[in-house]
Amino acid sequence: MTTTPLAIGIHDLAVATASSVVELDDLAARAGIDPAKFRIGLGQEQMSVPGQDEDIVTMGAAAAQRILDRHGADGIRTVFFATETGIDQSRAAGVHVHELLGLPRSVRVVELKQACYAATAAMQAAAGLIARNPEERVLVIASDVARYDLDSAAEPTQGAGAVAFLVSADPALAVLEPIGGLYTAEIDDFWRPNDSVTAVVDGKLSVSAYIDGFTGAWDDFRARGGVDVTEIDRFCHHQPFTKMAVKAHRALAEHTGVELAPELVALTTGYNRRIGNSYTASLYIALAALLDGAGGNDDDLTGARIGMFSYGSGSVSEFFTLVVQPGYRAATRGDETAALLDARSRVDVDSYRELHALAHRDSTVDVEIAPDSPGEFHFTGITGRARRYSRG
Ligand code: HMG
């Protein structure tokens, strides 16, 4: 007797970001750099910046709330929170989100970390749980604030953003295909020591490590029976800056010896150009842009196979594929995401630098932070060494 494999994948996907934004043209002007370096050289226009009352919890909760508004919490027994800008060494940030959203007590909440890769690990773990019990749905939240030193080469590649996605059987957006390619290599390209709020990065090394991870994961994907490159209709990459996706696409063409049109990747960059690096969320924000047609393209992607490349410095890489489902358009959220990007307040470089300096909070000093950002969820300060949050 043969059984049809269960279709498991992404049922819904919501994006959130911080409420302030820096124009990279302003940053370039301040630094005396040609703005074309950021716009064309890096492929970035803006970067989201969290206000004092925003962090990975408030952004993650905002994304997840939209998923719950549409689908409720029935069947959710697991919340995975992927981040590399964790707010505590012990408690999962997702536990705060669980409380803010009023999720049932009968839910497990866990935080996953491996630089920008962890949301993909969460999705694969979710697929495993659902294969065992198809009635369950898993809420994956990926939320990060990318922060580098002021005046460093990495500064224009900062950003802040979150996604929440529901993994389920018979998904409305995209089915996860079973074959994935993996590549892990210890490398000092990017990391964040426990005593630092900014990442340590060797920029040039990180770019070549990313490409090596991509071709390594691709080779593993093929060795395990993954489809030929000509059978992939679009490519989504982790986008620390959107030009990185272009570089990776070229590298795959060279590696496989197959010409790959730039359009196959270009339509994934519309949101990340405006949000900046959102680490764990970045790949899934690229996916949202593609499905939403945020690049101004309204191709019907029904049945299209999307190649997804997830990279986390340090490093772990995975290449896998999704197949877009009939009727997916009814489940996308393009208008919502465009509205939240447009609603951000522009801050000047001085104000952004002040916010950057406030990133480090000494937990031994109680502080009260008045809700200031327009969002529903707020970081309200520290008391008794614990971070506090409010809703409304
Ligand atoms: P840089 O020093 O600004 O690099 O650092 P550059 O001088 O080589 O310039 C960048 C590009 O701008 C070049 O294009 C220049 O030619 C171009 P490319 O040769 O690369 O195609 N350029 C111009 N273009 C048009 N008009 C001009 C002009 N001038 C120059 N006037 C770097 C760039 C990305 C290294 C830096 O921003 C950095 O260190 N960023 C942080 C690290 C990073 O994002 N790495 C990416 C790969 S690792 C990764 O993705 C993981 C990560 O997300 C973390 C995680 O996993 O957790 C970071």
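For clarity, every value in this text was computed on a predicted model and none was experimentally measured. Starting from 1, residues in each chain are numbered consecutively following that chain's sequence as written. Where totals are concerned, whole chains, interfaces and linings use all residues; where local detail is concerned, this predicted model gives features only for residues with pLDDT of at least 70, and gives and counts side-chain atom pairs only at 80 or more. Side-chain numbers here rest on the full set of heavy atoms in the structure, without hydrogens or water.

### Remarks on the site of the ligand
Residues are labelled near a given molecule or strand when at least one of their non-hydrogen atoms is within 4 Å of it. Neighbouring the ligand are 28 residues, the closest being Glu 84, Cys 116, Lys 204, Ser 206 and Lys 247. In the model, an oxygen atom of the ligand is placed 2.9 Å from a nitrogen or oxygen of the Ala 153 main chain. Within the contact set of the ligand, an oxygen atom lies 2.7 Å away from a side-chain nitrogen or oxygen of His 238. Protein chains bury 75% of the 1,100 Å² of accessible surface belonging to the ligand in isolation. Counting only elements with at least two residues in the shell around the ligand, the list comes to α2 (35-42), α6 (203-223), α7 (242-256) and β12 (305-312). We count a stretch as a helix when DSSP gives it H or I for four or more residues in a row; a strand needs E for two or more, and each element gets its number in order from the N terminus. A total of five residues in the shell around the ligand trace back to one element, the largest contributor, which is α6. Under the convention adopted here, Pro, Cys and the residues Ala, Val, Leu, Ile, Met, Phe, Trp and Tyr are nonpolar, Asp, Glu, Lys and Arg are charged, and Gly plus all remaining residues are polar. Partitioning the shell around the ligand into residue classes produces 14 nonpolar, eight polar and six charged. A 3.5 Å cut-off defines polar contacts: any pair of N or O atoms within that distance qualifies, except that in protein one atom must be a possible hydrogen donor and the other a possible acceptor, and neighbouring residues in sequence count only when both atoms are side-chain atoms. Here the accessible surface of atoms and residues is derived via Shrake-Rupley with a 1.4 Å probe, and residues count as covered only by protein chains that are part of the display.

### So, the packing of aromatic side chains
Note on aromatic contacts: the rings of Phe and Tyr and the six-membered ring of Trp form a pair at centre separations within 6.5 Å, being stacked when their planes are under 30 degrees apart, edge-to-face when over 60 apart, and tilted otherwise. Counted by the stated rule, this structure contains twelve aromatic pairs. Centroid distance Tyr 148 to Phe 190: 6.0 Å. Interplanar angle 80°. Geometry classified as edge-to-face. Within this pair, whereas Tyr 148 is found in the loop between β6 (137-146) and β7 (159-169), its partner Phe 190 is found in strand β9 (residues 190-191), the two being separated by 42 residues in sequence. In this structure, Tyr 148 and Phe 190 share a single accessibility class: buried. Ring centres of Phe 190 and Tyr 279 lie 5.5 Å apart, and the angle between their planes is 75°; this geometry places the pair in the edge-to-face category. Taken together, the residues span a long stretch of sequence, with Phe 190 in strand β9 and Tyr 279 in the loop between α9 (272-275) and α10 (282-292) at a distance of 89 residues. Tyr 279 matches Phe 190 in its accessibility class, with the two residues each being buried. Feature note: the residues Tyr 210, Phe 214, Trp 218, Phe 221, Phe 309, Tyr 311 and Phe 319 constitute an aromatic cluster, connected by ring pairs. Note on geometry: a ring has a charge over it if NZ (lysine) or CZ (arginine) is within 6 Å of the ring centre and within 35 degrees of the ring normal. In this structure, Arg 387 packs its charged tip against the face of Phe 379, placed 4.0 Å from the ring centre. Any residue under 20% of the maximum accessible area for its type is buried, any over 50% is exposed, and the rest in between are partly exposed; the area is computed with a 1.4 Å probe on protein chains only.

### Points about a positive patch on the surface
A contiguous patch of positive charge on the surface is contributed by Lys 37, Lys 204, Lys 247 and Arg 250. Looking at the secondary structure, you find Arg 250 in helix α7. Residue classification places Arg 250 among the exposed positions, given a relative accessible area of 54%. Here the term patch refers to residues with relative accessible area over 30% and no salt bridge, with like charges joined within 9 Å and nonpolar side chains (Val, Leu, Ile, Met, Phe, Trp, Tyr) within 5 Å. Between Lys or Arg on one side and Asp or Glu on the other, a salt bridge is scored when a side-chain nitrogen of the former is within 4 Å of a carboxyl oxygen of the latter. In this tally, Lys and Arg are treated as positive and Asp and Glu as negative; His is ignored, and so are the chain termini. The atoms used to mark charge sites are NZ of Lys, CZ of Arg, CG of Asp and CD of Glu.

### A short note on the pairing of strand β11 (residues 234-237)
Because side chains alternate across β11, one face comprises the buried residues Arg 234 and Cys 236, and the other comprises Phe 235 and His 237, equally buried. Pairing between two strands requires that DSSP report at least two bridges joining them. By the bridge criterion, four bridges tie β11 to β12 in an arrangement that is parallel. Counterpart to Arg 234 in the pairing with β12 is Ile 306.

### Digging into the packing of helix α1 (residues 24-31) against helix α12 (residues 349-357)
Comment: axis = line fitted to C-alpha atoms, over the contacting stretch for helices; angle = value between 0 and 180 degrees taken between N-to-C directions. One can describe the packing of α1 onto α12 by two numbers: an axis separation of 10 Å at closest approach and a directional angle of 95°. With respect to their mutual orientation, α1 and α12 come out roughly perpendicular. Facing Asp 26, Leu 27 and Arg 30 of α1, the residues of α12 in contact are Val 349, Asp 350, Tyr 352 and Arg 353. Residues belonging to the contact of α1 with α12 are distributed by class as follows: three nonpolar, no polar and four charged. Roughly parallel means an angle under 35 degrees; roughly antiparallel means over 145; roughly perpendicular covers 65 to 115; every other angle is labelled oblique. In what follows, a contact means two residues having at least one pair of non-hydrogen atoms within 4.5 Å.

### Some thoughts on the nonpolar core
The nonpolar core is taken to be a set of buried Ala, Val, Leu, Ile, Met, Phe, Trp, Tyr and Cys residues, with the residues joined through side-chain atoms within 4.5 Å. Ranked by internal contacts, the top residues of the largest apolar core, which has 50 residues, are Ile 10, Leu 13, Val 163, Phe 165, Tyr 284, Leu 287 and Met 308. For this core, the element with the highest residue contribution is α10, accounting for nine residues. Leave out the neighbours within four places in its chain, and Leu 287 touches Ile 10, Leu 13, Cys 236, Ile 306, Met 308 and Leu 322. Grouped together as the second largest cluster of nonpolar side chains are 36 residues, Leu 24, Ile 232, Phe 241 and Leu 260 included.

### Structural notes on helix α3 (residues 56-71)
When the terminal C-alpha atoms of α3 are compared, their 23 Å separation across 16 residues agrees well with the 22 Å that a helix rising 1.5 Å per residue should span. Of all 16 residues in α3, twelve are buried; the element is thus mostly enclosed. Residue Gly 72 follows α3 closely and has a positive phi angle near 70°. The span expected for a helix works out to 1.5 Å for each residue beyond the first.

Everything listed is a geometric property; what it means functionally is a separate question.
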